[in-house]
Amino acid sequence: MTNYSKYKELLRKIADVQYASAVLNWDQETYMPPKGAEFRAQQLSTLAGIAHELSTTEELGELLEHLKNEDSLTEKEKRNVKESLKKYKDNKKYTTEFVQQLSKTISEAFQSWQKAKSENNFSIFAPYLEKLVKLKRDECCLLGFQTHPYDALLDQYEPEAKTADLEVLFADVRSQLVDFVKQIAAKPQNQESFMFAHYNIQKQWDFGMNLLKQMGYDFDAGRQDISSHPFTTNFSSEDVRVTTRIKENDLNEMIWSCIHEGGHALYEQGLPASEYGLPSGEYISLGIHESQSRLWENNVGRGLSFWKANYKKLNETFPENLKSVSVNDFYKAMNIVKPSLIRTSADELTYHFHVLIRFEIEKALIEGSLEVKDLPGYWNKKYKEYLGIDVPSDAQGVLQDIHWSHGSFGYFPTYSLGSFYAAQFYAFAKKDIPNLESEIENGNMSPLLDWLRLKVHKYGKFNTAKDLCIIITGEKLNFKYFMDYAKIKYSKLYDL
Ligand code: CO
């Protein structure tokens, strides 16, 4: 057996354990009865321990050191070895004590966050968040960084992303998007009340399943279920699960979660099954993953062409609510821009202020220029500054998101990166497929899916996010594409 085959075998074993955890996690979020929680936590923790042991064995380390210098490997194999070696070295940097302390603090922080949120009392969460921030600063030192400690945290979600680059990107968001949203706010608002009429849950479910089929989601390699927070997970590229959430009095919930998670799932289903367990079979970064969900959700799903294909059916399904609503009215209603308090229900423009605020806060906490005790005041000041709104309570403000209680610092920026990559990629999809919009109007999504398969999905992690963007569009991520898309679309919608 060659060294490379041995390496593949070890990596696939690790993947088996991790995907087994993913099945248990999926079950926990969908079907597990309440009493199952305690032992499930134990099972997941055992599997996480096994995966960590397998990922840090001396055998794997030695193998990777040998393979690093093997000239006979193909470019793809070399790239896999490089990725695995980086991951191996990062894993080795954590001491058992640190991992245990972090995991204990996270579980305390999560519980205190839940309590703090339900009682609208930040001071319950504050001491645990302080501990977590301190641990995260330690983690930055442990992992190492060149310029800014936050780089080390970003790298876990968006490999090779740098704080300095994000500062430039978000400076563009500030200087261009804030004014544009102000122009929109000065215009009369469009109608959306019919979105919040009563919509039968079963009929919504059926409609959503059809949307997934139309997008090209393969039901022989996945399934959809209900969960309280929609998500996508996979156990290989041939078993990719999505979940949705349906609200009786809000049609938006089901439609956008189906399309969004569908976009994530198409990426996973498009990764090469032959590369199971290897970097060449994995997604590039969370930003690129999110680019796939956002491209389908916003560039396609919130577009007029998509609803020219689908509105007749929706209208026939819910005549009691939509009889007198035209496709144009519906298009306007799904694209209402309005500053709001809650990130997850924000429109596609003001959404990025929510991310910008979290980015500024995380950076400040990690570099030590902001203290946890000053966080609520700082948060509220920023919401006034960027969104022009007063935050009535910490539950609807600084306590709204789960991420910090999980110790996920560096995650939020990937949401905005996803939308900006999506806009840039979609501009080039339109160039490469001249009749793209008319294909979509006819309900034919396959030219777009084929393009995404060819340009993004099939190479796994062969390229970095930055390189992929240059290969597809000739330049690195540029906020201009998002701004152009926004200006054309919303100038029409709001008669600017
Ligand atoms: Co997503």
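Residues numbered from 1 in each chain as written. Predicted model: local features only at pLDDT ≥ 70, side-chain atom pairs only at ≥ 80, totals over all residues. Heavy atoms only, no water.

Here we take up the packing of helix H15 (residues 351–367) against helix H17 (residues 413–432). Where H15 contacts H17, the axes come no closer than 8 Å and their chain directions differ by 140°. Taken together, the axes of H15 and H17 lie oblique to each other. You can see that H15 and H17 cross each other, and the crossing is left-handed. On the side of H15, the interface is formed by Tyr351, His352, Val355, Phe359 and Glu362, while H17 contributes Pro413, Tyr415, Ser416, Ser419 and Phe420. Its residues assigned to classes, the contact of H15 with H17 comprises 6 nonpolar, 3 polar and 1 charged. (Axes fitted to C-alpha atoms, helices over the stretch in contact; angles between N-to-C directions. Helix = DSSP H or I, 4+ residues; strand = E, 2+ residues; numbered from the N terminus. Parallel < 35°, antiparallel > 145°, perpendicular 65-115°, else oblique. Left-handed = near helix turned anticlockwise from the far one by under 90°. Contact = heavy atoms within 4.5 Å. Nonpolar A, V, L, I, M, F, W, Y, C, P; charged D, E, K, R; others polar.)

With respect to the helices, strands and loops of the structure, Leu370 is situated in the loop between H15 and helix H16 (375–387). Residues Leu370 and Glu360 lie 10 residues apart in sequence; the distance between their C-alpha atoms is 9.9 Å. Ignoring anything within four residues of it in the chain, the contact list for Leu370 reads Ile361, Ala364, Leu365, Leu375 and Tyr378.

The next thing to look at is the nonpolar core. Judged by nonpolar contacts, the single largest core of 130 residues is most densely connected at Trp296, Trp307, Phe330 and Leu349. In this structure Leu349 touches Leu177, Phe180, Val181, Ile184, Val337, Phe482, Ala486 and Tyr490, once residues within four positions along its chain are discounted. (Core = buried A, V, L, I, M, F, W, Y, C linked by side-chain atoms within 4.5 Å. Buried < 20%, exposed > 50% of the residue type's maximum accessible area, 1.4 Å probe, protein only.)

Attention shifts here to the coordination of the cobalt ion. Distances from the cobalt ion to its protein donors, His260 (NE2), His264 (NE2) and Glu290 (OE), fall at 2.1 to 2.3 Å. Every donor residue of the cobalt ion comes from the same chain, spaced as H-x3-H-x25-E. A residue pair is termed long-range when its members are at least 10 positions apart, and His264 in helix H10 (residues 251–270) and Glu290 in helix H11 (residues 286–300) qualify at 26 residues. (Donors = N, O, S within 2.8 Å, 3.2 Å for Na, K, Ca; no water.)

What follows is about the sheet that holds strand E3 (residues 239–244). Taken together, 3 strands build an open sheet; the order of strands is E1-E3-E2 and the sheet is mixed. One side of each edge strand has no neighbouring strand; the edge strands of this open sheet are strand E1 (222–226) and strand E2 (232–236). For this sheet, the mean angle separating the axes of adjacent strands, direction not counted, is 20°. Sheet strands touched by helix H1 (residues 3–30): E1, E2 and E3. Its angle to E2, the strand with the most contacts, is close to 145°. Packing of H10 onto the sheet brings it into contact with E1, E2 and E3, and relative to E3 it is tilted by some 170°. (Pairing = 2+ DSSP bridges.)

Here we take up the side chain of Glu253. Here Glu253 lies in helix H10. Not counting chain neighbours up to four residues away, the residues in contact with Glu253 comprise Arg245 and Lys247.

Everything listed is a geometric property; what it means functionally is a separate question.
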